[in-house]
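Per-entry structural report
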Amino acid sequence: MLVNKRKDMTPFDMKRPPMRQKWYLMPLIWSGSWLMTRQFKLKINKKNMEGFKPPYLVIATHQGFSDYYIAPLALFPYRANYVSDMEGFAAFGEWLYRAIGCIGKRRYVSDITVVKNVKYALEHKQSVVIYPESRHANVGTTAYIPPNIGKLVKMMKVPLVVLTAHGSYLANPFWDEEHTRKVPMEATLEGVYTAEEVEKLSVQEIQRVIEKKLQYDEYRWQQEKGIQIRYDKRAEGLHKALYQCRECGAEYHMKSHGAGLFCEKCGVQWELTTHGKLE
């Protein structure tokens, strides 16, 4: 969990234009991202990227903290700006977050300044990465996608690229991010529309395609890939997400221990198998 370390309570300057990522930080960002994902044997696929040259708008899935390491590697050797919530600025420092190219945004709040900063970065030949789910996946499936993402893409008049990842949630589920499971990760950077195609398509068409591209179900993916998670405490914390008993309907009586999930009220129990199924 990120902790606010700011001592200066001066309001954050939302109107300040984003920085281009500092060139001297790029080797650290790329090498650090590689080291952080090495244990997961991250595999990056590039699909339909022929002819796509920065700057482009990257719309990405957001399963967990590892997504922040996946994106720089997927975009290598190019730099980018990243729309980020204010928690990161408060926890790691405004100078550092600006220096690595972050654009500050308050979660779930519409702000025309953010749109202007995204446009500024694109006009200065910087790609911009946006995580429209705006939070880590609660239960390994796609969260709410704002209905105005298609409109944003249309306004920016640049190519649309989608970045999807698998394994990030399974490695560090939102309800137990402190304990890492060794899960293989893979990501796909896909060129979806050129700038010319964006100009011709309607906002509704662009929105529909984005929502379709961002769909994921990590437990289904785990089972399709035959991945086993043998961590003996793999279910601990799951009751935070599955807080209602499927058997008796009681809320907030669910508990978890080891690989088990159970209801204190009616006594029913489930096991989270190594293949990601509740039995």
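Shown above is the structure to which this text applies.
Okay, so let's go over this structure. The structure presented is a predicted model; accordingly, all values stated were derived computationally and were not measured.

Quick look at the packing of aromatic side chains
Evaluated as defined, the whole model comprises 7 aromatic pairs. With a centroid separation of 5.7 Å and 85° between ring planes, the pair formed by Trp 23 and Tyr 24 is classed as edge-to-face. Classification of Tyr 24 as partly exposed rests on a relative accessible area of 40%. Ring plane angle 80° and centroid distance 4.9 Å describe the contact between Phe 65 and Tyr 68, whose orientation is recorded as edge-to-face. Taking relative accessible area as the criterion, Phe 65 reaches 34% and is therefore assigned partly exposed. Among the aromatic side chains, those forming a connected cluster through ring pairs are Phe 65, Tyr 68, Tyr 69 and Tyr 131.

Re the layout of surface pockets
A volume near 300 Å³ is recorded for the second largest pocket. Classifying every residue of the lining of the second largest pocket gives 10 nonpolar, 3 polar and 2 charged.

A short note on the pattern of salt bridges
A full pass over the atoms with the stated rule returns 8 salt bridges. Between Glu 271 and Arg 234 there is a salt bridge, and its shortest N-O distance comes to 3.6 Å. A residue pair is termed long-range when its members are at least 10 positions apart, and Glu 271 in strand β10 (residues 269-271) and Arg 234 in the loop between α10 (218-225) and β8 (254-257) qualify at 37 residues. Each of Arg 16, Glu 94 and Arg 98 takes part in a single network of salt bridges with overlapping partners.

Considering the sheet that holds strand β9 (residues 260-263)
Pairing in this open sheet of 3 strands is antiparallel, and the strands run β8-β9-β10 from one edge to the other. Only two strands of the sheet have a single partner each, and these edge strands are β8 and β10. Across the sheet, the axes of successive neighbouring strands diverge by a mean angle of 20°, strand direction being ignored. Judged from the 4 bridges that link them, β8 and β9 form a sheet pairing that is antiparallel. Each bridged residue has a counterpart across the sheet, and for Met 254 the counterpart in β9 is Cys 263.

Re the pairing of strand β5 (residues 127-130)
Neither face of β5 is exposed, since Ser 127 and Val 129 on one face and Val 128 and Ile 130 on the opposite face are all buried. Here strand β2 (residues 57-60) pairs with β5 via 3 bridges, running parallel. Counterpart to Val 58 in the pairing with β5 is Val 129. Across 3 bridges, the pairing between strand β3 (residues 80-85) and β5 is parallel. The residue of β5 that forms the bridge with Asn 81 is Val 128.

Rules of the game
Residues numbered from 1 in each chain as written. Predicted model: local features only at pLDDT ≥ 70, side-chain atom pairs only at ≥ 80, totals over all residues. Heavy atoms only, no water. Phe/Tyr/Trp six-rings, centres within 6.5 Å; stacked < 30°, edge-to-face > 60°. Buried < 20%, exposed > 50% of the residue type's maximum accessible area, 1.4 Å probe, protein only. 1 Å grid on protein atoms, 1.4 Å probe; cavity = no way out; pocket = protein on both sides within 12 Å on 5 of 7 lines; lining within 4 Å. Points joined across faces, edges and corners; volume = space filled by probe spheres on them. Nonpolar A, V, L, I, M, F, W, Y, C, P; charged D, E, K, R; others polar. Salt bridge = Lys/Arg side-chain N within 4 Å of Asp/Glu carboxyl O. Helix = DSSP H or I, 4+ residues; strand = E, 2+ residues; numbered from the N terminus. Pairing = 2+ DSSP bridges. Axes fitted to C-alpha atoms, helices over the stretch in contact; angles between N-to-C directions.

In short, the description is geometric, and any link to function would need to be established separately.
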